[in-house]
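As a plain string of letters, each chain reads:
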Amino acid sequence: WQTTNESKVRIVSQLAVEISKSEITFNKDNHQLFSQYSTFIYKYSKTGKLILEASGNNQDDTVMSMAIALECRNNGVMSGEYQIRFRNIKKQKWS
């Protein structure tokens, strides 16, 4: 899945519509989900382009995952053929 600014605006807007119409509900105990939704913002660039992103150093992975899943559901994409490759990565110590 390749996300462009235009596709991101489209799929997140559709997600917002479905949430507002209560067509999508969430587990209230999912703190990560609510945290990401509460820090997801929109703003305009200097050139007037709409930008959707997580504020500050926050993440938007869950928001984007939901938007992409909704896009797939709405377009009838229920399965596909993917090639998965694994790389051997040395374990690193995190400080």
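Computed from a predicted model, the values in this text were never measured in an experiment.

This part is about the overall build of the chain. A count of helices and strands for the chain gives 3 helices and 2 strands. Accessible surface computed for the chain: about 8100 Å², of which carbon and sulfur atoms make up 51%.

Turning our attention to the packing of helix α2 (residues 31-38) against helix α3 (residues 61-74). It is the contact of α2 with α3, at a shortest axis distance of 8 Å, that shows an interaxial angle of 95 degrees. One finds that α2 runs roughly perpendicular with respect to α3. Along its contact with α2, which presents Q32, L33, Q36 and Y37, the element α3 presents D61, T62, V63 and M66.

If a strand is regular, its side chains alternate between the two faces of the sheet. In the sheet, strand β1 (residues 40-44) pairs with strand β2 (residues 50-54) via 5 bridges, with the strands oriented antiparallel. From the neighbouring strand, I41 faces β2, where its bridge partner is E53. Here β1 folds back onto β2 in antiparallel fashion, the turn holding 5 residues, of which G48 has a positive phi close to 90 degrees.

On to the pattern of salt bridges. Under the definition given, this model contains 5 salt bridges. Between D60 and K8 there is a salt bridge, with the nearest N and O atoms lying 3.5 Å from each other. With D60 in the loop between β2 and α3 and K8 in helix α1 (residues 5-20), this residue pair connects regions lying 52 residues apart in the sequence. Overall, the relative accessible area of 15% leaves D60 in the buried class. Using a relative accessible area of 16% as the deciding quantity, one classes K8 as buried.

Reading guide: rules and limits
- Residues numbered from 1 in each chain as written.
- Predicted model: local features only at pLDDT ≥ 70, side-chain atom pairs only at ≥ 80, totals over all residues.
- Heavy atoms only, no water.
- Helix = DSSP H or I, 4+ residues; strand = E, 2+ residues; numbered from the N terminus.
- Areas by Shrake-Rupley, 256 points an atom, 1.4 Å probe, with all protein chains shown as cover.
- Axes fitted to C-alpha atoms, helices over the stretch in contact; angles between N-to-C directions.
- Parallel < 35°, antiparallel > 145°, perpendicular 65-115°, else oblique.
- Contact = heavy atoms within 4.5 Å.
- Pairing = 2+ DSSP bridges.
- Salt bridge = Lys/Arg side-chain N within 4 Å of Asp/Glu carboxyl O.
- Buried < 20%, exposed > 50% of the residue type's maximum accessible area, 1.4 Å probe, protein only.

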